[in-house]
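# Per-entry structural report
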Amino acid sequence: MSLYREGGKRAFDLAAALAGLVLASPVLALAGLGVALALGTPVLFRQERPGRGGRLFRILKLRTMSDARGGDGRLLPDAERLGPFGRFLRATSLDELPQLWNVLRGEMSLVGPRPERPGFVARYLEEVPGYAERFLVPPGLTGLAQVNGEYDSSPQNKLRYDLAYLANWRFSLDLSILFRTA
């Protein structure tokens, strides 16, 4: 097993996530201020996701949707709650920057299979053979499926890339994925 797999990946994640947070802090501060002004507080959105070994953790994102409710008190559909600033954050992926904190905490890696919502995971575990193998490594901020596929790609197609990553991950592949993500 390579040195990178034995601990180098975690060391790289720590160094790069810390540097990323320092470099991105002005952008995060401005984006957070924009969220507060456009959508109110809280600025961060937290949601449970299964990580390595299926253990749940709270993923962090900048909030992109309002809490607007209809006359009956229920939340409006997502499309009606996503305003221009939220669309901008999503289009630029700035809403994902707080996940660098998840990387520092060891809940995520810079590169790996993207974490899905628990409801989707339960369904995919039943419907998609081999889906559980994604949980052998920490989920990633980005992954091979993200740089090769499309956002609305099927779970089977994303899994094909995730499994290819699991079979071949090494430092040069991680660097390639990070550069392609940027």
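Cut-offs used in this document
- Residues numbered from 1 in each chain as written.
- Predicted model: local features only at pLDDT ≥ 70, side-chain atom pairs only at ≥ 80, totals over all residues.
- Heavy atoms only, no water.
- Phe/Tyr/Trp six-rings, centres within 6.5 Å; stacked < 30°, edge-to-face > 60°.
- Helix = DSSP H or I, 4+ residues; strand = E, 2+ residues; numbered from the N terminus.
- Buried < 20%, exposed > 50% of the residue type's maximum accessible area, 1.4 Å probe, protein only.
- Pairing = 2+ DSSP bridges.

## Details of the packing of aromatic side chains
Each pair of aromatic rings is reported with the distance of its centres and the angle of its planes. Tallied over the full model, the rule gives 5 aromatic pairs. Arranged with centres 6.0 Å apart and planes meeting at 15°, the rings of Phe120 and Tyr124 form a pair that is stacked. One end of the pair is Phe120 and the other is Tyr124, both in helix 5 (residues 118-127) and 4 residues apart, which spans about a single turn. With relative accessibility at 27%, the residue Phe120 sits in the partly exposed group.

## Quick notes on the pairing of strand 2 (residues 56-62)
Within strand 2, 5 of the 7 residues are buried, leaving the element largely enclosed by the surrounding structure. Direction of pairing for strand 1 (residues 44-50) relative to strand 2: antiparallel, over a ladder of 7 bridges. Across the sheet, Phe45 pairs through a bridge with Lys61, a residue of strand 2. Taking the residues between adjacent antiparallel strands as the criterion, strand 1 and strand 2 are bridged by 5 residues, where Gly53 takes a positive phi near 70°.

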